[in-house]
Amino acid sequence: MTTVSVALGGGGSRGLAHIGALQVLEEEGIQIDSVSGISAGAIAGARWCLDPNAAVLALRAIELMSSAEFRNLRLGGMMLAAASDEDNGPFQALRSLLRRGLHLANLARRPSVIEDGVLTQLVDILVGDGQFEDCRVPLQVVALDLLSARMVTLRSGSLATAVAASSAIPGVFPPVELDGLLLCDAGAVSSVPVAAARAASPDSVVLAIDPSRRLLPRQEIDTGMESLQRVATIARNWLTEIELEEADIVVRPRVGQRTWSDMTNLSSIVESGRDAMTKAMPELQEALSTHH
């Protein structure tokens, strides 16, 4: 029987769409051979691989992300405050945080504008304890090694450490040191880990789920920062599209122009994943029946 190797992309709160998509795959009885995740995809993937029950996971995730514990966390409050920002990506994340009192001068003296420990707290809330070996479905977490300039796939050890490394937005959070590597969020060069999913299960159908926003035309660019941000966003989108071409099926939940930090109406994000996966099921079924 042909199986599916799932690649879950990054996207902040939009990563909840992954849970809706996984729920449809469960309901349809699709056999998932492995899951690969980056950033928000690593968070959703870790939780689901530990306990592959997406319906329960969706309720727990929404409860956690709406909880006082999450909102009281420094990052949680900043994400909520930044929810109305127009763009996304590392430049926008930095700009949003700088608007809220964090100083650019910090980057000249420290690894990031947010101090060490905050991301760890966030990951502990969302993922909890666990090892890769505890996963009921094999999981790969992808991060970028700043020292060797290469993508790294993590498959063993602490889930929380791997997920934190994959979620450490450069300049916003300090990179994670692990076995001589200096790891950060790989989203700037690979938003959806298709290559890792293919490598993990070469004989499987590779299903990529991309919850990113579509890149829309702009009427004007007024500042140098906007130019830098725009070029970075264009490069990220182009690189992502190149990698997505290697997937057998690409599912794009309709998240609209929701930002990475938008914590409103979270259940609608889960539903966007369900809807997109439901529409893609005939294509997936056909791929499974013809895949060699």
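Scroll up to find the structure this text is about.
Residues numbered from 1 in each chain as written. Predicted model: local features only at pLDDT ≥ 70, side-chain atom pairs only at ≥ 80, totals over all residues. Heavy atoms only, no water.

Draft legend 1. Representation of the environment of Glu 69 within the structure. Here Glu 69 lies in helix H4 (residues 68–72). Residue class for Glu 69 comes out exposed when judged on its relative accessible area of 52%. Sequence-wise, Glu 69 and Ile 125 are 56 residues apart; in three dimensions their C-alpha atoms are separated by 8.4 Å. (Helix = DSSP H or I, 4+ residues; strand = E, 2+ residues; numbered from the N terminus. Buried < 20%, exposed > 50% of the residue type's maximum accessible area, 1.4 Å probe, protein only.)

Draft legend 2. Main features of helix H3 (residues 54–65). The end-to-end C-alpha separation of H3 is 16 Å, in line with the 16 Å expected for twelve residues at 1.5 Å each. Of the positions making up H3, those classed as buried are Ala 54, Leu 57, Ala 58, Ala 61 and Met 65. One side of H3 holds all its buried residues, which, seen down the axis, span an arc of 105 degrees. Exposed and oriented more than 90 degrees from the buried face of H3 are Leu 59 and Glu 63. (Expected span 1.5 Å × (residues − 1). Arc of directions from axis to C-beta.)

Draft legend 3. Focus on the nonpolar core. In this structure, Leu 25, Leu 207, Met 277 and Leu 284 are the most contacted members of the largest nonpolar core, which totals 70 residues. A total of ten residues in this core trace back to one element, the largest contributor, which is helix H12 (residues 266–290). With residues near it in sequence (within four places) discarded, Leu 284 still touches Val 4, Leu 25, Ile 30, Val 205, Leu 207, Ile 249 and Met 277. In this structure, Val 192, Ala 197, Val 206 and Ala 247 belong to the second largest nonpolar core, which totals eight residues. (Core = buried A, V, L, I, M, F, W, Y, C linked by side-chain atoms within 4.5 Å. Contact = heavy atoms within 4.5 Å.)

Draft legend 4. Examining empty space enclosed by the protein more closely. Taken as a whole and judged by the stated rule, the model has one cavity of 30 Å³ or more. One number sums up the size of the largest cavity: a volume of about 40 Å³. Taken together, Arg 47, Asp 51, Asn 53, Val 56, Leu 57 and Arg 60 make up the lining of the largest cavity. It is H3 that contributes the most residues to the lining of the largest cavity, three residues altogether. Residues that form the lining of the largest cavity fall into these classes: two nonpolar, one polar and three charged. (1 Å grid on protein atoms, 1.4 Å probe; cavity = no way out; pocket = protein on both sides within 12 Å on 5 of 7 lines; lining within 4 Å. Points joined across faces, edges and corners; volume = space filled by probe spheres on them. Nonpolar A, V, L, I, M, F, W, Y, C, P; charged D, E, K, R; others polar.)

Draft legend 5. Up close: the environment of Gly 12. Its location among the elements puts Gly 12 in the loop between strand E1 (4–8) and helix H1 (16–27). Judged by its relative accessible area of 32%, Gly 12 falls in the partly exposed class. Sequence separation of Gly 12 and Ala 40 is 28 residues, and the distance between their C-alpha atoms is 5.4 Å.

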